[in-house]
Amino acid sequence: MNVQMERLNRGLAAACTSEGIFVSWRLLGHEVTGTQEHGLAGADFYLYRDGKKIAEISDSTNYLDKSGTRDSVYSVSAVIDGTEQEQCAGVRPWENDYIEVPLKKPADGVTPAGQSYTYSANDMSVGDVDGDGEYEYIVKWDPSNSKDVSHAGYTGNVYMDCYKLDGTLLYRIDLGVNIRAGAHYTQFLVYDFDGDGRAELMFKTAPGTRVIRYKDGVPVSEEYITLLPEDAEAGVSHEDDYRMSSTDYYEHVVEMFMGWHAHEEVVSGRWPATLEECFGLTPTYAYPLSREDAVRLADHFMDVYAPQRSERNKLRSFEGFILKGPEYLSVFRGETGEELATIRYKPGRHDDGLMWGDYAWNRIEPGNRVDRFLAGVAYLDGRKPYALFARGYYTRAAIAAYSWDGQELKEHWYTDSGWVTMNNPFRDTLHMQNGRNEPYGGLAKQGAHSLSTADVDGDGCQEIVYGSATVDHDGSILYSSGGILPEGSAAPGRYAKLGHGDALHVARIDPDRDGLQIYMVHEAGVHGPYGYTLRDAATGEVLYGAFAAEDVGRGMIGKVEPGVPGLQTWCSESHLAHEPSRGLRSAKGEQLDEKAPGTNMSIKWAADMTTQIIGGIFDEPVVIEDWKRGRLLTAEGTRSNNGTKGNPCLVADLFGDWREELVVRTADSTAFRIYMSTEVTDRKLYTLMHDPQYRTGVAWQNVVYNQPCYTSFYMGTDMDWSKVPVPSRLKQE
């Protein structure tokens, strides 16, 4: 079965160094025929400078030309079965170890509340939108008032730009006022879904979303997306603004209370028949509630009940959320931004979060759990890529899988845990584990702030690792992981799901074991069996882990100890119950060090296939640190994204050899830079972008709390090259 992958060019890049000109290029997946001592065998290469052959290279895909200059022009040709192939296009060296691409920054804005905001470049992705074998760069612009989904307040619009490597802006998509700005809202996919050699874009849209096309840096056309016919007939327009003011929200609560008697959960008997019972009040009012009585109860809810639950419940100032109005999923042509299809986003929000549990905890957060979105790409049939769009993970969780054939966005399957039953939406005490949709109920409460796609069961098709549960390629639940609560927990001896977590990694961590493993941190604290786990990806079995009394917020894996077999794991363990559980651990679970590297983002940067860690938060420059060698790069004049998360715009194998490039914005967001490692390596490996697990990982890297992507095979200093899959069946569309 052929796997549809990108037709990439040689990816040749060169950079000036203190020792000469470093030159690097791609080995393509279909060029591999076997293995050799330090890597893969297949194509060899001739390297040319200014038209003259200067080297014949068979053991790597990089070279240090000590005689080259910044005015030299390099090209490379593959030699296959002794026959030289056509030379690639020539390139001149970068002046530094990075290339800088100019950006067109959106204009500042002002919210309906009169607050001004500015823009910064944020998450990025890549795709070959025009079929020339070179990546284009999709940039998400976030306003300075971008919000976590649990925080109230207006935000500016979100923009999506498409740039060529020379800085040409092809188009900008303005998502409009009805898409809120923040890490949890806009998960965007860039991929060639239909196999025509050109990538598409997919993401959630709404009335007001429009495409602005550019030529020579100037906007030349503007077009809104298509409203669904039933919405247009109902009077929906692109001028509609569904953002709620505090007055709007108050009125929303009054209307919700007036309709309490007819709510589906009240009618079914699952919820109290009166709001007085919900709030612990003496029965007073007749139902259906009159507006006057609903106002009294709304005042009590906002001014008495909610503040008693938490001093952070300031519902009178609740504003800026979008809790009503149409929600769409749109496909755009990657080269032009042209809208190709728009359908209803599935599942819809249903309500403002009441049934999602947003009112059930001490911290009342309307619009929070209901607006948690994830997205990804998976080869569900082992052949072609499918788009995944999801909603929810703290309670109900649902995923829709779609195929795109160039004409139609077709639902492939839909998996929904169903609602998690509560006995009181304003103070639930049931704490049910599963959703009500029997075949899929185990998916509830298990999601993370990201997902991963990988063939975990070895059937040739990719599954979706949805945090602590895994969905099989056909949409069924492969497993949902849990454990027995230990001493020190809220209920020792009782079974509980592993639950939600902020960091998730799926890789071949222990090369001595069959298949893949999952390393994840969990935030259930005393209500969960573990603070972190290493699990078997095929079965969900916990291989090792430790209980934590509070949220373990970060976790990472990588090859940071070259002499220790396998990858290492570590997390932010300040709340772990037992001191020996802290620090750096081996793939077998052995403690290696009481200290550990950082946890924001990793990168495959070094020549020896160790893992490096990316650092730098807020106003610090982005840096690359090595656990043994210290700092390898300080990217002066650049900044990371998302405050304490410290994410770069993107980490991916964008050109050159198998190592990853670092993509970061400049401090003023007038440009982004792509940094390339110039350390000569003797390891020969095909571009990571021709490994389906890695390539789909690049596609979902921008989702919520950005996580690194990993190959389907074990990758580290102690690689067994004979176990690296040779993508002989790779189909380059």
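This is a predicted model, so every value here is computed, not measured.

A few points about the overall build of the protein chain
- Looking only at helices and strands, the protein chain has six helices and 50 strands in total.
- Compactness check: the protein chain gives a C-alpha radius of gyration of 26 Å against a globular reference of 27 Å for 733 residues, within 12% of the reference.
- Taken along its principal axes, the extent of the C-alpha atoms in the protein chain is 90 × 60 × 45 Å.
- Across the 733 residues in the protein chain, those meeting the buried criterion constitute 62%.
- Here the analysis covers contacts within the protein chain between residues at least 6 apart in sequence; of these, 60% occur between residues at least 24 apart.
- For the protein chain, the accessible area works out to roughly 26200 Å², and carbon and sulfur atoms hold 46% of it.

Quick look at the UniProt feature "domain: Rhamnogalacturonan I lyase beta-sheet" (unreviewed entry) in the protein chain
- Per the UniProt entry, the sites bearing "domain: Rhamnogalacturonan I lyase beta-sheet" (unreviewed entry) are residues 4-94 in this numbering.
- Taken end to end, residues 4-94 is 0% helix and 51% strand, and its two terminal C-alpha atoms sit 32 Å from one another.

Things to note about the sheet that holds strand β28 (residues 452-454)
- In space, the four strands of this open sheet follow the order β28-β29-β30-β31, with antiparallel pairing throughout. For this open sheet the edge positions go to β28 and β31 (477-480), each flanked by a neighbour on one side alone. Across this sheet, the average inter-strand angle for adjacent strands is 20 degrees, counted without regard to direction.
- Two strands pair when backbone bridges link them, and strand β29 (residues 463-466) and strand β30 (residues 469-471) are joined in this way by three bridges, in the antiparallel orientation. Looking at β30, one finds that Ile-464 is bridged to Val-471.

Here's the deal with the packing of aromatic side chains
- Within this structure, the stated rule accounts for 30 aromatic pairs.
- Here the aromatic rings of Tyr-345 and Phe-389 are separated by 6.3 Å at their centres, their planes lie at 80 degrees, and the arrangement is edge-to-face. Highlighted residues: Tyr-345 in the loop between β23 (339-344) and β24 (373-378) and Phe-389 in strand β25 (residues 386-391), separated in sequence by 44 residues. Of the two residues examined, Tyr-345 and Phe-389, each falls in the buried class.
- Each residue in the set Phe-257, Trp-260, Trp-271, Phe-279, Phe-301, Tyr-305, Tyr-359 and Phe-426 is aromatic and connected to the rest through ring pairs, giving one cluster.
- Taking NZ or CZ as reference, Arg-369 lies 4.4 Å from the ring centre of Trp-361, over its face.

What about the UniProt feature "domain: Rhamnogalacturonan lyase family 11 C-terminal" (unreviewed entry) in the protein chain?
- Per the UniProt record, the feature "domain: Rhamnogalacturonan lyase family 11 C-terminal" (unreviewed entry) sits at residues 98-210 and 314-723.
- For residues 98-210, the end-to-end C-alpha separation is 33 Å, with 0% helix and 42% strand making up the annotated structure.

Focus: the environment of Glu-438
- Inspection of the secondary structure assignment puts Glu-438 in the loop between β27 (409-416) and β28.
- C-alpha separation for the pair Glu-438 and Asp-416, spaced 22 residues apart in sequence, amounts to 9.7 Å.

Describing the side chain of Asn-368
- As for its position among the elements, Asn-368 is in the loop between β23 and β24.
- Assessed through its relative accessible area of 2%, Asn-368 is described here as buried.
- Here Asn-368 is in contact with Val-149, Ser-150 and Asp-358, once residues within four sequence places are set aside.

Topic: the sheet that holds strand β8 (residues 62-65)
- In spatial order, the strands read β2-β3-β8; together these three strands make up an open sheet with antiparallel pairing. Lying at the two open borders of the sheet, with one neighbouring strand each, are β2 (13-17) and β8. Mean inter-strand twist for the sheet, computed between neighbouring axes without regard to direction, equals 20 degrees.

Section: empty space enclosed by the protein
- If you walk through the whole model with that rule in mind, you get nine cavities of 30 Å³ or more.
- Roughly 170 Å³ of volume is contained in the largest cavity.
- Around the largest cavity, the lining is made up of 16 residues, and of these Leu-567, Lys-604, Thr-611, Tyr-710 and Met-715 lie nearest the centre.
- Residue assignment for the lining of the largest cavity shows that the elements contributing at least two residues are β38 (555-558) and β42 (601-603).
- Per-class residue counts for the lining of the largest cavity are nine nonpolar, five polar and two charged.

Focus on the nonpolar core
- Core analysis: the largest hydrophobic core is formed by 87 residues, its most contacted members being Tyr-137, Leu-654, Phe-672 and Leu-685.
- For Tyr-137, the residues in contact, after removing those within four places along its chain, are Met-124, Ser-125, Val-126, Asp-161, Cys-162, Tyr-163, Leu-165, Leu-654, Phe-655, Phe-672 and Ile-674.
- Core analysis: the second largest hydrophobic core is formed by 43 residues, Met-5, Leu-388, Tyr-394 and Ala-400 among them.

With respect to the layout of surface pockets
- Each pocket or cavity is described by its volume, and for the largest pocket that value is around 1300 Å³.
- In terms of lining residues, the largest pocket is bounded by 36 residues, among which Trp-361, Tyr-394, Glu-523, Ala-524 and His-527 are the most central.
- Looking at the lining of the largest pocket residue by residue, the class counts come to 12 nonpolar, 11 polar and 13 charged.

What to know about the packing of helix α2 (residues 246-258) against helix α5 (residues 291-309)
- Between α2 and α5, the shortest axis-to-axis distance is 9 Å and the interhelical angle comes to 120 degrees. Classified by the angle their axes make, α2 and α5 are oblique. Considering how the two elements wind past one another, α2 and α5 form a crossing that is right-handed. Residues Tyr-249, Tyr-250, Glu-251, Val-253, Val-254, Phe-257 and Met-258 of α2 touch α5, and the partners they reach there are Arg-291, Ala-294, Val-295, Leu-297, Ala-298, Asp-299, Phe-301 and Met-302.
- In the contact of α2 with α5, the residues fall into 12 nonpolar, no polar and three charged.

Each value, and the rule that gives it
- Per chain, residue numbering runs from 1 following the sequence as it is written.
- Reporting of local features is limited, given that this is a predicted model, to residues whose pLDDT is at least 70; pairs of side-chain atoms are given and counted only at 80 or more, and all residues count toward the totals for whole chains, interfaces and linings.
- Excluding hydrogens and water, the side-chain figures rest on all heavy atoms present in the structure.
- Runs of H or I in DSSP of at least four residues are treated as helices and runs of E of at least two as strands, each being numbered from the N terminus.
- Radius of gyration: over C-alpha atoms. The globule rule applied is 2.2 Å multiplied by the number of residues raised to the 0.38 power.
- Summary of the burial criterion: residues with accessible area below 20% of their type's maximum are buried, those above 50% are exposed, and those between are partly exposed, where the area comes from a 1.4 Å probe applied to protein chains only.
- Should any heavy atoms of two residues lie within 4.5 Å, those residues are considered in contact.
- To be clear on the numbers: accessible area is Shrake-Rupley with a 1.4 Å probe, and residue cover counts the displayed protein chains and nothing else.
- UniProt positions are given in the numbering used here, feature names are shortened, and annotations may be inferred rather than shown by experiment.
- Strands qualify as paired when DSSP identifies two bridges or more between them.
- Here an angle of 0 to 180 degrees is reported between the N-to-C directions of two axes, which are lines fitted to C-alpha atoms, with helices fitted over the stretch in contact.
- For this analysis, a ring pair means two rings from Phe, Tyr or Trp (six-membered ring only for Trp) whose centres lie within 6.5 Å, classed as stacked if their planes differ by under 30 degrees, edge-to-face if by over 60, and tilted for the remaining angles.
- Placement of a charge over a ring requires the Lys NZ or Arg CZ to be within 6 Å of the ring centre, with the centre-to-atom vector within 35 degrees of the ring normal.
- Of the two site types, the cavity is a set of points on a 1 Å grid over the protein atoms alone where a 1.4 Å probe fits but cannot get out, and the pocket is an open set with protein on both sides within 12 Å along at least five of seven lines, each lined by residues with an atom within 4 Å of a point.
- Grid points are joined across faces, edges and corners, and a volume is the space filled by probe spheres set on the points.
- Amino acids are sorted into nonpolar (Ala, Val, Leu, Ile, Met, Phe, Trp, Tyr, Cys and Pro), charged (Asp, Glu, Lys and Arg) and polar (every other residue, Gly among them).
- What is meant by a nonpolar core is a set of buried Ala, Val, Leu, Ile, Met, Phe, Trp, Tyr and Cys residues, joined one to another through side-chain atoms within 4.5 Å.
- What sets the label is the angle itself: under 35 degrees gives roughly parallel, over 145 gives roughly antiparallel, 65 to 115 gives roughly perpendicular, and the rest give oblique.
- Helix crossings fall into two classes, left-handed where the near helix is turned counterclockwise from the far one by less than a right angle and right-handed where it is turned clockwise.

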